[in-house]
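Spelled out from the first residue to the last, the chains are:
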Amino acid sequence: MIELTKTGIDGLDAILNGGIVTNSTTLVSGNPGAGKSILGLQYIYNGVEQFDEKGIYLSFEENESDLREAAESIGFDKWPEFVENGDIKVYDKQVLLRENDFSSSLELLLDDLEDDKYDRLVLDSLTMFELFFEDEKEKRTYLLKFTDILNNNNLTSLLTNEQGAVFPDTDIGLENYLTDGNIYLIQTPTDTGVNRYVWVAKMRKQDIETDIYPMEISWGGIKVHENASAFSMMSEEDSPI
């Protein structure tokens, strides 16, 4: 029987048929503003509040105060309390970017990554993480090392990855090979705002719903609507937008 970790996000666990495979690493991709960071915050917050699972949040883009404000702005009122009492451990950009090389930053993290009390991890974002490395070979070596450390320490992890295109870039990159699952967050402009969608493209060891589902971001975070969207995957060239 495969053990699953629930995200606690309305509708998402349903299309994942129960949750994310425990001790796996999932890539969450999307263009700016698609909701990647919110999904990460919500995953860590729900772990503590709903499932008594502690989490680590690594942000290469925000200060700890910015993360707190972002969490509170969408209804995660207990975020400061969870950070204060150690249920959520935050490493912000001031800490992670203090060193000039990833080996030094990794040394800072290892004690917590190897601590059995943590079950969940979010890295936001892989795009900034990769700025540590000067060439593809070095990036490949350290990304493999990092994902191995996550798996060896029984952490169920989400790594966010920024894409410039409105429609998912489905080219198979290094990140896709080194992760167990791929979730894409999509937003398309309309006359009145944006339409938002989620597509679970891959999950190893797991039967999933691979349709594209509408979602919204509101007070309380992300909600996924389980009625499959009529929206279909189109290339940017085919898109009428």
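None of these values were measured; they are calculated from a predicted model.

*Asks:* Can you break down the overall build of the protein residue by residue, with the values?
*Replies:* Scanning the protein from terminus to terminus reveals nine helices and 11 strands. By residue count, 51% of the 241 residues in the protein fall in the buried class. Relative to all contacts within the protein whose residues are 6 or more apart in sequence, the contacts with residues 24 or more apart total 67%.

*Asks:* How would you summarise the packing of aromatic side chains if you had to cite specific residues and measurements?
*Replies:* With the rule as written, the count across this model stands at five aromatic pairs. With centroids separated by 4.8 Å and ring planes inclined at 20 degrees, the aromatic side chains of Tyr45 and Phe76 adopt a geometry described as stacked. Taken together, the residues span a long stretch of sequence, with Tyr45 in helix H2 (residues 36-51) and Phe76 in the loop between helix H3 (64-73) and helix H4 (79-84) at a distance of 31 residues. This pair shows no difference in class: Tyr45 is buried, exactly as Phe76 is. Summarising the aromatic geometry, the rings of Tyr184 and Trp199 are spaced 5.2 Å apart at their centres and angled 25 degrees between planes, so their arrangement reads as stacked. Placement of the pair is Tyr184 in strand E8 (residues 181-189) and Trp199 in strand E9 (residues 194-203), with a sequence separation of 15 residues. The burial state of Tyr184 is the same as that of Trp199; both residues are buried. Aromatic ring contacts, followed pair by pair, group Tyr45, Phe76 and Phe82 into a single cluster.

*Asks:* Break down the packing of helix H6 (residues 102-113) against helix H8 (residues 136-152) for me, with residues and values.
*Replies:* It is at 12 Å that the axes of H6 and H8 come closest, and there the two elements cross at 5 degrees. On the basis of the axis angle, H6 is roughly parallel to H8. When H6 is examined against H8, the residues Phe102, Ser103, Leu106, Leu110 and Leu113 are found in contact with a partner set consisting of Tyr142, Lys145, Phe146, Ile149 and Leu150. By residue class, the composition of the contact of H6 with H8 is eight nonpolar, one polar and one charged.

*Asks:* Tell me about the pattern of salt bridges, and please be specific about residues and values.
*Replies:* Under the criterion given, the structure shown has four salt bridges. Lys54 is the partner of Asp87 in a salt bridge, and the nearest nitrogen-oxygen pair spans 3.7 Å. With a gap of 33 residues between them, Asp87 in the loop between H4 and strand E5 (88-91) and Lys54 in strand E4 (residues 54-59) connect regions that are remote in the sequence. Taking relative accessible area as the criterion, Asp87 reaches 16% and is therefore assigned buried. Residue Lys54 is classed as partly exposed on the basis of its relative accessible area of 26%. Ionic pairing is found between Arg204 and Asp180, a salt bridge with its closest N-O pair at 3.4 Å. Of this pair, Arg204 sits in the loop between E9 and strand E10 (212-218) while Asp180 sits in the loop between helix H9 (174-178) and E8; the two residues are 24 residues apart in sequence, bridging distant segments of the chain.

*Asks:* I'd like to hear about the environment of Met128, residue by residue, with values.
*Replies:* Mapped onto the elements of the fold, Met128 is located in helix H7 (residues 126-129). For Met128, a relative accessible area of 28% translates into the label partly exposed. Each C-alpha atom, one on Met128 and one on Phe60, is 6.0 Å from the other, the two residues being 68 residues apart in sequence. In contact with Met128, not counting residues within four places along its chain, are Phe60 and Glu61.

*Asks:* Which residues make up a negative patch on the surface, and what are the values?
*Replies:* Taken together, the side chains of Glu49, Glu69, Glu72 and Asp77 present a region of like negative charge at the surface. Following the sequence through the fold, Asp77 ends up in the loop between H3 and H4.

*Asks:* Any chance you could break down the nonpolar core for me, citing the residues and the numbers?
*Replies:* Residues Leu12, Trp79 and Val198 are the most contacted members of the largest nonpolar core, which totals 34 residues. In terms of residue count, H2 provides more of this core than any other element does, six residues in total. The residues touching Trp79, leaving out its near neighbours within four places in the chain, are Leu41, Ile44, Tyr45, Tyr57, Leu67, Arg68, Ala71, Ile88 and Val90. Tyr91, Phe102, Leu126 and Phe146 belong to the second largest nonpolar core, which has 26 residues in total.

*Asks:* Explain the pairing of E8 residue by residue, including any values.
*Replies:* Most of E8 sits out of view: eight of its nine residues are buried. Bridge analysis of E8 against E9 gives nine bridges, and the strand direction is antiparallel. Looking at E9, one finds that Asn182 is bridged to Lys202. Connecting E8 to the next strand, E9, in antiparallel fashion are four residues, including Gly193 with a positive phi near 160 degrees.

*Asks:* Outline H6, supporting the account with residue identities and numerical values.
*Replies:* Every α-helix carries 3.6 residues per turn, so stepping three or four residues along brings you back to the same face. Within the sequence span of H6, burial applies to Phe102, Ser105, Leu106, Leu109, Leu110, Asp112 and Leu113. The buried residues of H6 occupy an angular sector of 160 degrees when projected down its axis, which confines them to one face. Away from its buried face, by an angle of more than 90 degrees, H6 presents the exposed residues Glu107 and Asp111. At its buried positions, H6 is contacted by E4, E5, helix H5 (93-96), strand E6 (118-124), H7 and H8.

Thresholds applied
Every chain's residues receive numbers from 1 upward, in the order its sequence appears when written. Two thresholds apply to this predicted model, a pLDDT of at least 70 for residue-level local features and 80 or more for giving and counting side-chain atom pairs, whereas whole-chain, interface and lining totals are computed over all residues. Each side-chain value is derived from all of the structure's non-hydrogen atoms; neither hydrogens nor water enter the calculation. By definition, any uninterrupted DSSP run of H or I lasting at least four residues is a helix, any uninterrupted run of E lasting at least two residues is a strand, and each is numbered from the N terminus. Buried, partly exposed and exposed residues are distinguished by accessible area as a fraction of the type maximum, computed with a 1.4 Å probe on protein chains only: under 20%, between the cut-offs, and over 50%, respectively. Throughout, a contact is declared for two residues whenever any of their heavy atoms are within 4.5 Å. Here a Phe, Tyr or Trp ring, Trp counted by its six-membered ring, pairs with any other such ring whose centre lies within 6.5 Å, and the pair is stacked when the planes are under 30 degrees apart, edge-to-face when over 60, and tilted otherwise. With axes taken as lines fitted to C-alpha atoms, and helix axes fitted only over the stretch in contact, angles between N-to-C directions fall between 0 and 180 degrees. In these notes the angle categories are as follows: under 35 degrees is roughly parallel, over 145 is roughly antiparallel, 65 to 115 is roughly perpendicular, and the rest is oblique. Under this grouping Gly is polar, as are all residues other than the nonpolar Ala, Val, Leu, Ile, Met, Phe, Trp, Tyr, Cys and Pro and the charged Asp, Glu, Lys and Arg. Here, a salt bridge means any side-chain nitrogen of Lys or Arg that lies within 4 Å of a carboxyl oxygen of Asp or Glu. A patch consists of residues exposed above 30% relative accessible area that lack any salt bridge, with like charges linked at up to 9 Å and nonpolar side chains (Val, Leu, Ile, Met, Phe, Trp, Tyr) linked at up to 5 Å. Surface accessibility follows the Shrake-Rupley procedure with a 1.4 Å probe radius. Residue values consider only the protein chains on display as shielding. When charges are tallied, Lys and Arg are placed among the positive residues and Asp and Glu among the negative ones, while His and the ends of the chain are skipped. For charged residues, the charge sits on one atom: NZ in Lys, CZ in Arg, CG in Asp, CD in Glu. Remark: nonpolar core denotes a set of buried residues (Ala, Val, Leu, Ile, Met, Phe, Trp, Tyr, Cys) joined through side-chain atoms within 4.5 Å. Two strands pair under a simple rule: DSSP has to find at least two bridges between them. Note: the arc covers the axis-to-C-beta directions of the helix.

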